[in-house]
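A structural walkthrough
Residue-level listing of the chains:
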There are 2 protein chains.
Amino acid sequence: MSSTLSSSQVTVLAPATVANVVCGFDVLGFALHEPYDTMRMRLTDKPGVTIINKDDYNLPTQAERNVAGGALLALLRDATDVVGFEVEITKAIMPGSGIGSSAASAAGAVVGANHLLGNRYSPAELVRFAMYGEEIASGVQHADNIAPCIYGGVTLIRATQPLDIVPLAAPPLWVTVVHPQIEVRTSDARDILKKQVLLKDAIRQWGNVGGLVAGLLKSDYALIGRSLEDVIIEPVRSILIPGFADVKLEAKKAGALGGGISGSGPSIFMLSQDEDTARQVEAGMSETYTRLGIDFHTYVTTINSEGVRVVIE
Amino acid sequence: MSSTLSSSQVTVLAPATVANVVCGFDVLGFALHEPYDTMRMRLTDKPGVTIINKDDYNLPTQAERNVAGGALLALLRDATDVVGFEVEITKAIMPGSGIGSSAASAAGAVVGANHLLGNRYSPAELVRFAMYGEEIASGVQHADNIAPCIYGGVTLIRATQPLDIVPLAAPPLWVTVVHPQIEVRTSDARDILKKQVLLKDAIRQWGNVGGLVAGLLKSDYALIGRSLEDVIIEPVRSILIPGFADVKLEAKKAGALGGGISGSGPSIFMLSQDEDTARQVEAGMSETYTRLGIDFHTYVTTINSEGVRVVIE
């Protein structure tokens, strides 16, 4: 988010995000500095939303089938004085990577639009518009990537109805992400989960959620590390990601505080206290996927406390 | 907890505690200023633990069947240089009330003993000894009342094996407790719970646990209030407590932030931001039980950040 000055054209940098965050399934998420999508936006006299894709992902250009388009159409239903937007999108966050590619499109679009309109909407309102975009991508209006993308930093979605977003202060954290080039369909990742869980596992999970939130707010790295444990989702979903156990083992050996599946995968993220460790974690992750013969990308970055960034031209 | 000076005799004030704390089933607890048990303790040449009960509760005097005795015997198994303790107990916290009566006995005993021994044990070690006392009362070595009784304030039990206690700073909070004079057996309160819960309910619960921990650490009263929601335990257990729904409704009407069952009941606690509200909550609770013709006690007090207090004589 940025200043209240409006302008006729803006460039928006919309970052990747990590949702779920191990024990925090469906409630926790944080924004990254890299990778990020670039979007150029302007107000138009042409009604509705004009989408221009500048990358090779062949995403839909029809506004109501495009994530950024869907989010902007939701905003336009409220901003009845506005005719239309044109959005030129250059995605760097690969769709399906599990680091909030669709959330970046949706969040970037509404933050950019809001800037063009003199920042008339609150972050919470922008999240609600952007959730219509997420719905186009996944069929579900979830906010766990959208919220950190718009607010920046780490966010807790305490509840969804009504939506209650709690920004959480966090100490400096380095993030290593590996994206193995395999496909995990979000629907498969959803379907594989059991509808019921053992109460004793749920208790352990909410002990860890409490510990993680406390660790972040108290800047207690050791507590953050101990709390990065998932006894419910990870044991089930990790079977969809080849090499997961090895990557985690190598990362912990390299000194990572902990980590796990990013979103619904296939990306895996690890948190570290400093850059050196984060780079050693990257080496360990890379070794695993090189050995398995699976192509991969890695990112070594930090938590992005700003979220979507608007660059005025 | 107090100074490192030792003395030959101490008086210990061991406070009541509220465990579970709505969404924080089995993981959260806090200490109260009132009521509290009074224990006079001294080292003896007589081996083992001598229990002298000064109240009318007819609790066992045989050390291995007494909660304070069991905790002290656990400590004596470690402190092999010590012969024995004599403990004179005047309980003000009624056994079975759901506000940590047994935890007060166990925690008070080990904190007092530690003082007599020059404070050789850490709070975490004392919790472990005291858990042997809790086992005598409930058959389970749980720490959710013991930990806040020894540490004071609000505590999170992030995990039990190994035990991980996280003290949580909290803003000033008033607590209203009503203890309806009915019996809820801890074993019944346990047996009534389902072994499995819906994943969607568990997610909502850990969203609330995250929100409550954040609300406490950020001194955000509104967030604390919104997070005091329990979709798993309360709907089941509250049927064991006549008048529960009415008490909660009256308390919210009177301005309470929220609250619920204390421990496994029958006591009900409500949190308020100031004393006036807490007293109006007390009036609402009292009216309900007067109308139902059920005898009751009430307490209006604050969170006790000190925990067990040792008075040197």
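Residues numbered from 1 in each chain as written. Chains lettered and ligands numbered in written order. Predicted model: local features only at pLDDT ≥ 70, side-chain atom pairs only at ≥ 80, totals over all residues. Heavy atoms only, no water.

1. A short note on the side chain of A:Ser272
Tracing the chain through its elements places A:Ser272 in strand S10 (residues 268–272). Residue A:Ser272 is classed as buried on the basis of its relative accessible area of 0%. (Helix = DSSP H or I, 4+ residues; strand = E, 2+ residues; numbered from the N terminus. Buried < 20%, exposed > 50% of the residue type's maximum accessible area, 1.4 Å probe, protein only.)

2. What about the packing of aromatic side chains?
One pair of aromatic rings is described through two measures. These are the centre distance and the angle between the planes. Residue and element names in this part refer to chain A. Taken as a whole, this structure holds six aromatic pairs over all chains when the rule is applied. Relative to phenylalanine 269, the ring of phenylalanine 30 has its centre 5.6 Å away and its plane inclined at 75°; by these criteria the two rings are edge-to-face. Taken together, the positions of phenylalanine 30 in strand S2 (residues 28–44) and phenylalanine 269 in strand S10 put the pair 239 residues apart, joining distant regions of the chain. As far as the burial class goes, phenylalanine 30 and phenylalanine 269 line up, both buried. Judged by centre distance (4.9 Å) and plane angle (80°), the ring pair of tyrosine 121 and phenylalanine 129 falls under edge-to-face. Exposure remark for tyrosine 121: the relative accessible area of 10% places this residue in the buried category. Against the face of tyrosine 132 rests arginine 77, its NZ or CZ located 5.3 Å from the ring centre. (Phe/Tyr/Trp six-rings, centres within 6.5 Å; stacked < 30°, edge-to-face > 60°. Lys NZ or Arg CZ within 6 Å of the ring centre and 35° of its normal.)

3. What to know about the UniProt feature "transmembrane region" (unreviewed entry) in chain A
The positions that UniProt labels "transmembrane region" (unreviewed entry) are, in the present scheme, residues 12–32 of chain A. The span residues 12–32 of chain A carries 0% helix and 62% strand; its end-to-end C-alpha distance comes to 15 Å. (UniProt positions renumbered as here; feature names shortened; annotations may be inferred.)

4. Overview of the domain arrangement of chain A
All names here are of chain A. Assigned domains of chain A: these are domain 1 (9–169 + 304–312) and domain 2 (174–302). Contacts between domain 1 and domain 2 engage 27 residues on the former and 36 residues on the latter. The contact between domain 1 and domain 2 buries some 2,300 Å² in all, and 67% of this surface belongs to carbon and sulfur atoms. Summed over the three residues of domain 1 that lose the most area to domain 2, namely Val22, Cys23 and Phe25, the buried surface amounts to 29% of that side. The interface formed by domain 1 and domain 2 holds one salt bridge in total. Its salt-bridge partner being arginine 190, residue aspartate 26 comes within 3.2 Å of it at the nearest N-O pair. Where domain 1 meets domain 2, there are 10 residue pairs in polar contact (both at pLDDT 80 or more). Of all the secondary structure elements, the ones that give two or more residues to the side of domain 1 that touches domain 2 are strand S1 (9–19) and S2. Across the side of domain 1 that touches domain 2, the residue classes break down as 17 nonpolar, eight polar and two charged. (Domains from an automatic or database assignment. Contact = heavy atoms within 4.5 Å. Buried area = accessible area lost by both parts, 1.4 Å probe. Salt bridge = Lys/Arg side-chain N within 4 Å of Asp/Glu carboxyl O. Polar contact = N/O pair within 3.5 Å; in protein donor to acceptor, adjacent residues only side chain to side chain. Nonpolar A, V, L, I, M, F, W, Y, C, P; charged D, E, K, R; others polar.)

5. Looking at the interface of chain B and chain A
A common way to state how big an interface is: give the accessible area lost once the parts meet. Listed by partner, the interface residues are 39 residues for chain B and 39 residues for chain A. Taken over both partners, the interface formed by chain B and chain A buries close to 2,800 Å², and the fraction arising from carbon and sulfur atoms is 68%. It is B:Arg158, B:Leu199 and B:Trp206 that lose the most area in chain B upon contact with chain A, and together they represent 27% of the buried surface on that side. Where chain B meets chain A, there are two salt bridges. B:Asp164 is paired through a salt bridge with A:Arg226; the nearest N and O atoms lie 2.6 Å apart. Here chain B and chain A share 13 residue pairs in polar contact (both at pLDDT 80 or more) between them. Listed by contribution, the elements that provide at least two residues to the side of chain B that touches chain A are strand S5 (154–160), strand S6 (163–168), strand S8 (196–198), helix H6 (199–217) and helix H7 (221–227) of chain B. The leading source of residues in the side of chain B that touches chain A is H6(B), at 14 residues. Along the lines of polarity and charge, the residues of the side of chain B that touches chain A split into 22 nonpolar, eight polar and nine charged. Pairing geometry for strand S8 (residues 196–198) of chain A and S8(B), over three bridges, is antiparallel. By the bridge assignment, A:Gln196 is partnered in S8(B) with B:Leu198. (Pairing = 2+ DSSP bridges.)

6. A few points about the UniProt feature "domain: GHMP kinase C-terminal" (unreviewed entry) in chain A
The feature "domain: GHMP kinase C-terminal" (unreviewed entry), as given by UniProt, occupies residues 213–289 of chain A in the numbering adopted here. Secondary structure content for residues 213–289 of chain A is 53% helix and 12% strand, and the end C-alpha separation is 32 Å.

7. Side note on the relation of the copies chain B and chain A
Take chain B, turn it by 180°, move it 0.0 Å along the axis, and it overlays chain A with an RMSD of 0.0 Å. On the angle and the small slide along the axis, the relation comes out as a two-fold axis. Comparing interface residues between copies, 100% of those in chain B also lie at the interface in chain A; the contact surface is shared. (Least-squares fit on C-alpha atoms with pLDDT ≥ 70 in both.)

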